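Listed below, chain by chain, are the residues.
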Amino acid sequence: MMDAGRHPNIRLLTYSDVIDVSGYIGQFKVKVRQRPRYVDTTLCTGCGACVEACVYRKGVPNEFDAGLSKRRAAYIPLNGQGVPMKTVIDKDTCVWLSRGKCLKDCIKACPANAIDFDQKEEIVELNVGSIVVATGFDMFNPKRLSAYAYGKSPNILDGLQFERMSSATGPTKGLILTAEGKKPERVAIIHCVGSRDEHANRYCSRVCCMYALKHAHLVRDKTGAEVFEFYMDIRAFGKDDEEFYQRVQEEGVYFVRGRGAEVVVLNDGKLQVKAEDTTLGIPVQIGVDMVVLETAMEPQRDSDKVASLFGISRSASGFFQEAHPKLRPFHTNTEGVFLAGTCQAPKDVPDTVAHAGAAAGEVLSLLGRGTVVISPTTALVDEALCSGCKTCLALCPYAAISFIAQNGTGVVRINEALCKGCGTCTAACPAGAITARHFTDQQIVAELEGLFAIA
Amino acid sequence: MTDDQIRIGVYVCECGINIGAVIDVPEVVRFASVLPNVTVARQFKYMCSESGQKMIQDDIKHLGINRVVVASCTPRMHEPTFQNAIAAAGLNPYYFQMTNIREQVSWVVEDPAQATAKAKRLVSAAVARVAWHAPLQARKEKVTPAALVVGGGIAGIQAALTIAEGGYQVYLVEREPSIGGHMAQLDKTFPTLDCST
């Protein structure tokens, strides 16, 4: 992470969104909107004085801790470890920016004079030869499955919340504690929350079994609590994963084969998990004081918009569609645009790194070649026949046609690098002025005649 | 060849038993060999294989074949294979027509007689079409020596570092105020329990 932050060939554009992509393989033009941080990053040293001074002491849920802690309006991302390690002022929380009334103690506190409430968004234009889309995943929100009672007790956590609790940089400094501040004595871990489920996602999210086993290990290791693992199948197919599964079994975790069906919050605040133990063939009820819902990876909420921005498609599950499931697993159908990581499908860390490295290899190959071959199977305009009616302009799905004004009227021209030779303009042209070089009228008529030449 | 006479080679693929078990391939070859402008028609177990491609290249060199029709599978996969093969033998790669007798015939038509009849029609159409093909020339365009990586999680960081190490400019765009993504939120990672950050 820090390597990427200080590499001389990498320019970081954080707090930024890609808003427009045009051009084609080898010559993309990209517009990026950089949102204001209200802090001059060239001056900010990340000392945190402004964070201390921020008057918004009530705080809002800290995204980085999956809501388990609070942050102020001014904060350094990643609980102070962000890259870049610079303050950001969240305009929706900041009292000055959202309500126009504040003592602005942050300005007084900043020794570097870095705070700038007049900062505006900036549009950055970039020229690139290739694009890697690595937009990642969203965590499934277990509120969508009401049987798990998520949100009804602070001791029902999702997978990411447990990660934060167990992390040394998290809200409990790595201690696994119930909301009452005690070590749990019995913990239930429920697999497949939001995956392999007709009511959520049908796909297997691939990583949850292994991180659930890791969570079981961490609970045993840090608290000694009894752990009940509710699973349908254990999918431990990665390198060294099966061995890890065996290790966790040996650590004394109870494995209950059956989907966790329901979590009940009892009157005394204790929790009860109901399931069918399919090996015993009986329904079971287990009382616990903490439940971890091992939630699935889902496509990012805005993946439809991102897909249309970069001209890529999505598979039935909503993840981005690779060009071929086996032979082109990090390519898209837009040449020069590649996929990396979990935006294509759920992946664990090693697979993500491998996928991203492979996508980078494709980019290096393309940039190293220095030139790209543009297919000649494009449309061609006979300018002597073109009446300049512009019928084709609006029809072109690739925005490859432009209008050239000439003495009161004009003609259209095709950008051959953008044209995919789909033939839409050819069929629509009322003057018959456009030919698809690889689908001429003669070729099509000959093909039809050939088709019906035999009885 | 110095003359501009059209000399078509037709190559019918058996695709193992994918095509050969349903379509009467020898019959399709016999039919194709007497179509107008056809100089030679052949069949082979796997036309996309090295030896299949060489068969076509040899005919271009020795029989002066100047138009090629391959009746096999979907062009999505192997059209570039055959176009590259005929280009390597000195023929313009657009003097080529592929017709799909696997997905559109042998995999979907159950009756062998009907399947064979349909395959013949498709071959006849491809032969008639390829006679009208023109030599097209691909163009080359320059590549801007820079890359955009969208997303600063572990995938984006890995891709950005690899490309940057190769000596190219990388723009790494992240919508959050810090890179790191979900990876930065994780505690230890399975199965080795090493730290994630």
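Residues numbered from 1 in each chain as written. Chains lettered and ligands numbered in written order. Predicted model: local features only at pLDDT ≥ 70, side-chain atom pairs only at ≥ 80, totals over all residues. Heavy atoms only, no water.

A. Fine view of a nonpolar patch on the surface. All names here are of chain A. Judged by side-chain polarity, F439, I444, L448 and F452 come together as a nonpolar surface patch covering roughly 410 Å² of accessible area. On the secondary structure map, F439 appears in the loop between β25 (434-436) and α12 (441-451). What makes F439 partly exposed here is its relative accessible area of 44%. (Patch = residues over 30% accessible without salt bridge, like charges linked within 9 Å, V, L, I, M, F, W, Y side chains within 5 Å. Areas by Shrake-Rupley, 256 points an atom, 1.4 Å probe, with all protein chains shown as cover. Salt bridge = Lys/Arg side-chain N within 4 Å of Asp/Glu carboxyl O. Helix = DSSP H or I, 4+ residues; strand = E, 2+ residues; numbered from the N terminus. Buried < 20%, exposed > 50% of the residue type's maximum accessible area, 1.4 Å probe, protein only.)

B. Here's a closer look at the pairing of strand β21 (residues 371-374) of chain A. Side-chain alternation along β21(A) places V372(A) and I374(A) on a buried face and T371(A) and V373(A) on a face that remains uncovered. Inspection of the sheet shows β21(A) paired to strand β5 (residues 139-142) of chain B by four bridges, in the antiparallel sense. Counted as the bridge partner of V373(A) is K140(B) from β5(B). (Pairing = 2+ DSSP bridges.)

C. Region of the structure containing the nonpolar core. Among the nonpolar cores identified, the biggest contains 49 residues, and I10(A) and I163(B) are the most heavily contacted of them. For this core, the secondary structure elements donating two or more residues are α9 (349-369), β21, β22 (379-381) and β24 (409-414) of chain A together with β6 (146-150), α6 (154-165) and β7 (169-173) of chain B. Here this core takes seven residues from α6(B), the largest share from any one element. When residues no more than four places from it in sequence are discounted, the contact partners of I10(A) are A4(A), A160(B), L161(B), A164(B), Q169(B), V170(B) and L172(B). In terms of nonpolar packing, the next biggest core, distinct from the first, is built from 45 residues, V28(B), L91(B), I101(B) and V109(B) among them. (Core = buried A, V, L, I, M, F, W, Y, C linked by side-chain atoms within 4.5 Å. Contact = heavy atoms within 4.5 Å.)

D. Molecular detail of the domain arrangement of chain B. For chain B, the domain assignment lists domain 1 (8-130) and domain 2 (146-195). One C-alpha centre belongs to domain 1 of chain B, the other to domain 2 of chain B, and the line joining them spans 47 Å. (Domains from an automatic or database assignment.)

E. Up close: the sheet that holds strand β1 (residues 8-13) of chain B. Residue and element names in this part refer to chain B. The sheet built from four strands is open, its strands ordered β2-β1-β3-β4 with parallel pairing. A strand with exactly one partner marks an edge of an open sheet, and here the two such strands are β2 (38-44) and β4 (96-100). Across the sheet, the mean angle from the axis of one strand to that of its neighbour is 15°, orientation sign disregarded. Of the pairings in the sheet, the one linking β1 to β2 comprises six bridges and is parallel in character. Of the residues in β2, the one forming a bridge with G9 is V40. Where helix α1 (residues 25-33) meets the sheet, it contacts β1 and β2, and its direction lies at approximately 170° from that of β2. (Axes fitted to C-alpha atoms, helices over the stretch in contact; angles between N-to-C directions.)

F. Examining the sheet that holds strand β17 (residues 282-288) of chain A more closely. All names here are of chain A. Across the sheet, three strands lie side by side as β15-β16-β17; this open sheet has antiparallel pairing. With one partner strand each, in any of the chains shown, β15 (260-265) and β17 form the two edges of the open sheet. When the angles between neighbouring strand axes are averaged without regard to direction, this sheet yields 20°. Judged from the seven bridges that link them, strand β16 (residues 271-277) and β17 form a sheet pairing that is antiparallel. Residue pairing for β17: V273 is matched across the bridge by I286.

G. Quick peek at the interface of chain B and chain A. Taken residue by residue, the interface counts 69 residues in chain B and 101 residues in chain A. Carbon and sulfur atoms supply 65% of the area that chain B and chain A bury against each other, a total of about 7200 Å² over both sides. Considering only the surface of chain B that becomes buried against chain A, R175(B), P177(B) and F190(B) emerge as the three largest contributors, covering 11% of it. Taken together, chain B and chain A are joined by four salt bridges. We note a salt bridge from D187(B) to K222(A), for which the minimum N-O separation is 4.0 Å. (Buried area = accessible area lost by both parts, 1.4 Å probe.)

H. How the structure looks around the environment of A316(A). Residues and elements named next belong to chain A. Position of A316 relative to the elements: it lies in the loop between α8 (303-310) and β20 (337-339). Its relative accessible area of 90% is what places A316 among the exposed residues. Sequence separation of A316 and A433 is 117 residues, and the distance between their C-alpha atoms is 40 Å.

I. Examining the packing of aromatic side chains more closely. One pass over the full model with this rule turns up six aromatic pairs over all chains. Taken together, the aromatic side chains of Y231(A), Y245(A) and F255(A) make up a single cluster linked through ring pairs. Stacked on the ring of Y15(A), the Lys or Arg R35(A) has its end atom at 4.6 Å from the ring centre. The ring centre of F439(A) lies 4.6 Å from the NZ or CZ of R129(B), which sits over that ring. (Phe/Tyr/Trp six-rings, centres within 6.5 Å; stacked < 30°, edge-to-face > 60°. Lys NZ or Arg CZ within 6 Å of the ring centre and 35° of its normal.)

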